[in-house]
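Close look at the chain arrangement
Listed below are the residues making up each chain.
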Amino acid sequence: MKIAIVGLGYVGLPLSLQFARSQVTVLGLDIDRTKIDLLNAGRSFIKHISNEAVAEQRQAGRFEASTDFARIKEVEAVVICVPTPLNKNREPDISYVLNTGKSIAPHLTKGTLVVLESTTYPGTTDEDLREVLEKGSGLKAGVDFHLAFSPEREDPGNPQSVVKSIPKVIGGYTPACLERTKILYGKALDTLVPVSSCRAAEATKLLENIFRGVNIALVNELKLVYDAMGIDVWEVIAAAKTKPFGFMAFYPGPGLGGHCIPIDPFYLTWKAREYGQNTKFIELAGEVNTAMPMHVVNRAADALNNHRKPVNGSKILILGLAYKPNVDDDRESPSYVLLDLFKDRGAEMAYYDPYVPVIRPTREHPHWAGTKSIVWNRETISAFDAVVIATNHKDVNYQELAAWAPCIIDTRNAMASIKTAPGQVVKA
Ligand SMILES: NC(=O)c1ccc[n+]([C@@H]2O[C@H](COP(=O)([O-])OP(=O)(O)OC[C@H]3O[C@@H](n4cnc5c(N)ncnc54)[C@H](O)[C@@H]3O)[C@@H](O)[C@H]2O)c1
């Protein structure tokens, strides 16, 4: 079997390699020439995917990357894994999905299966993508070609989470589309979870991400409430999670980050309006989570005040730029919001992240592009008036941090087991 995977990012690349390892020939398509050249040279551009993993499949002749969408006619199935961000008005931007549809449609042949994996609102596959594919190909979905939605479940940085063993939800445009989709994923993945429609599959993914967003907001709110009562929310969560049923631990932090949780819930909010429905939980959770960086700034201001220093003119280090530990993914990271908020208040800002040596251009924080991570040593760390732990990477030496930094604002409970001086660490 030969398939195409369109969009070779955090989702598309590991999926391509999993299919290739399962003896499926994979043509990876992307519009980013740099990625294509690196992959064809047997190199990875994602930290947690090794060069060897790519090189092995290149050498076996089971994986090739290209920018030539005309090659769609060589394959039996096309899997789309392109970005689905929000636009500047925080509305869904499905232009990447639609542009991909436009690129593949002219080359679509009868009998091909097209599966969308990008997280999106219910209706994207069977309305928006279907329309583009049918218009550009002259073929009819469910009759001439098959169409399906299957959400990706990636947990980057978690070594226990491997694409092969994560159950895969699949929904077809017709029962025949679903059967074709089962055959495709059955080649590479252990467990399939068929649902009745593309829309049910799209809605499943949104439920999963909304569940996280809402629960993180809940513990973020409890962090403030318990703190006011002199209770440590981290101690409470650790105790609550010993309950063997009916509880799942979520942890507070400096705000939401990543390509999914801060964004995907608002895809539903937008679509729900078309049906006259409100998504109050989603919006409330968004409000609570968005307020977190400002809370961290206020806590840092209090901590500096205790050292007789104002934020204005202080040297502040953000420790961790990636949005979660042990990955190099800095998309939507609250660290950028912290950098901006402190800078706006006159602080002199820098960051340290062993996974992000230099800041790449970002859409919302372009002014930080090119800034480099500081070097980790006694001299540099002790020069900061305050260090804000935004991400608890395991490669960071927190003992050294305690020995060198006079004032630490800890949003991740990273200093819990480290010996520190009274008042040296403030939780935020
Ligand atoms: N990253 C995650 O952990 C994760 C988890 C679950 C779901 N998702 C969803 O999967 C989708 C992809 O996310 P990602 O993290 O892999 O994004 P990404 O930005 O890492 O990768 C997307 C890739 O698509 C390419 N691309 C953009 N437009 C294209 C086009 N018109 N034709 C071909 N290629 C194009 C980009 O160059 C990039 O390489 C999103 O909808 C996201 O919400 C991501």
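Our subject in this report is the structure included herewith. Remember, it's a predicted structure, so these values are computed and weren't measured experimentally. (Residues numbered from 1 in each chain as written. Predicted model: local features only at pLDDT ≥ 70, side-chain atom pairs only at ≥ 80, totals over all residues. Heavy atoms only, no water.)

1. Quick look at the pairing of strand 5 (residues 113–116)
Regular strands place side chains that alternate from one sheet face to the opposite one. Quick note on the threshold: Throughout, exposure labels follow a simple rule: accessible area from a 1.4 Å probe, protein chains only, divided by the maximum for the residue type, with under 20% read as buried, over 50% as exposed, and the rest as partly exposed. The helix count covers DSSP runs of H or I at least four residues long, the strand count covers runs of E at least two residues long, and both are numbered beginning at the N terminus. Strand pairing is defined by DSSP finding a minimum of two bridges between the two strands. Note on handedness: a crossover is taken as right-handed if, strands pointing away from the viewer, the path from the first strand over the helix to the second is clockwise.
Every second residue of strand 5 is oriented toward a common face, with Leu113 and Val115 on one face and Val114 and Leu116 on the other, all of them buried. As judged from the four bridges shared by strand 4 (residues 77–80) and strand 5, these two strands associate in the parallel manner. The residue bridging Ile80 from the neighbouring strand is Leu116, located in strand 5. A crossover connection joins strand 4 to the parallel strand 5 through helix 4 (residues 95–104); in handedness this β-α-β unit is right-handed. Here strand 5 runs beside strand 6 (residues 146–149); their pairing, made up of four bridges, is parallel.

2. Here we look at the sheet that holds strand 3 (residues 63–66)
Inclusion rule: Fitted lines through C-alpha atoms serve as axes, helices being fitted only where they are in contact, and the angles separating the N-to-C directions of these axes extend from 0 to 180 degrees. The contact criterion used throughout is that any non-hydrogen atoms of two residues lie within 4.5 Å.
Taken together, the eight strands give an open sheet; going across it, the order is 3-2-1-4-5-6-7-8, and neighbouring strands pair in mixed fashion. Every interior strand has two partners, whereas the edge strands, strand 3 and strand 8 (192–195), have only one. Taken over all neighbouring pairs, the strand axes of this sheet differ in orientation by 25° on average, direction set aside. Across the sheet, helix 6 (residues 175–186) is in contact with strand 1 (2–6), strand 4, strand 5, strand 6, strand 7 (168–172) and strand 8; its angle to strand 7 comes to roughly 150°.

3. What to know about the packing of aromatic side chains
Selection criterion: For Phe, Tyr and Trp, rings pair up if their centres lie within 6.5 Å, where Trp contributes its six-membered ring, and each pair is then called stacked (planes under 30 degrees apart), edge-to-face (over 60) or tilted (otherwise). Over a ring means this: the NZ of a Lys or the CZ of an Arg is within 6 Å of the ring centre and within 35 degrees of the ring normal.
For the coordinates displayed, the defined rule picks out seven aromatic pairs. On the basis of an interplanar angle of 45° and a centroid distance of 5.9 Å, the ring pair of Phe19 and Tyr185 is categorised as tilted. You can see Phe19 sitting in helix 1 (residues 12–21) and its partner Tyr185 sitting in helix 6, a full 166 residues away along the chain. We note that Phe19, like Tyr185, is buried. Three or more aromatic residues joined by ring pairs form one cluster here, namely Tyr121, Tyr267 and Trp270. One Lys or Arg, Lys343, reaches over the ring of Trp368 and ends 6.0 Å from the middle of that ring.

4. Considering the site of the ligand
The condition that has to hold: Being near a molecule or strand, for a residue, means having at least one of its heavy atoms within 4 Å of it. Polar contact is the term for a pair of N or O atoms within 3.5 Å; when the atoms are in protein, one must be able to donate a hydrogen and the other to accept it, and sequence-neighboring residues count only if both atoms are side-chain atoms. When residues are grouped by polarity, Ala, Val, Leu, Ile, Met, Phe, Trp, Tyr, Cys and Pro land in nonpolar, Asp, Glu, Lys and Arg in charged, and all others, Gly among them, in polar.
Taken together, 26 residues are adjacent to the ligand, and Val11, Asp30, Lys35, Thr84 and Arg331 come closest. Separating an oxygen atom of the ligand from a side-chain N or O atom of Asp30 is a distance of 2.6 Å. Lys35 has a polar side-chain atom sitting 2.7 Å from an oxygen atom of the ligand. Its residues assigned to classes, the shell around the ligand shows twelve nonpolar, seven polar and seven charged.

5. What to know about helix 11 (residues 292–306)
To keep it simple, the criterion reads: In this analysis, the expected span of each helix is defined as 1.5 Å times one less than the number of residues it contains.
Over its 15 residues, helix 11 extends 21 Å from the first C-alpha to the last, a length consistent with the 21 Å expected when each residue adds 1.5 Å. Looking only at helix 11, the buried set comprises Met292, Pro293, His295, Val296, Val297, Arg299, Ala300, Ala303 and Leu304. Just downstream of helix 11 lies Arg308, where phi reads positive at about 60°.

6. Digging into the pattern of salt bridges
In plain terms, the rule: Just to be clear on terms, a salt bridge is a Lys or Arg side-chain nitrogen sitting within 4 Å of an Asp or Glu carboxyl oxygen.
Scanning the entire structure with this criterion turns up 22 salt bridges. Between Glu134 and Lys140 there is a salt bridge, with its nearest N and O atoms 4.0 Å apart. Of the charged contacts, one joins Lys324 and Asp155 as a salt bridge, the two residues approaching to 2.8 Å between their closest N and O atoms. Residue Lys324 is found in the loop between strand 9 (315–319) and helix 12 (334–344), and its partner Asp155 is found in the loop between strand 6 and strand 7; the two are separated by 169 residues along the sequence. We classify Lys324 as buried; its relative accessible area is 18%. Here Asp155 falls in the partly exposed class, since its relative accessible area comes to 30%. Look at the salt bridges and you will find they share partners, linking Asp126, Glu127, Arg199, Lys271 and Glu274 into a network.

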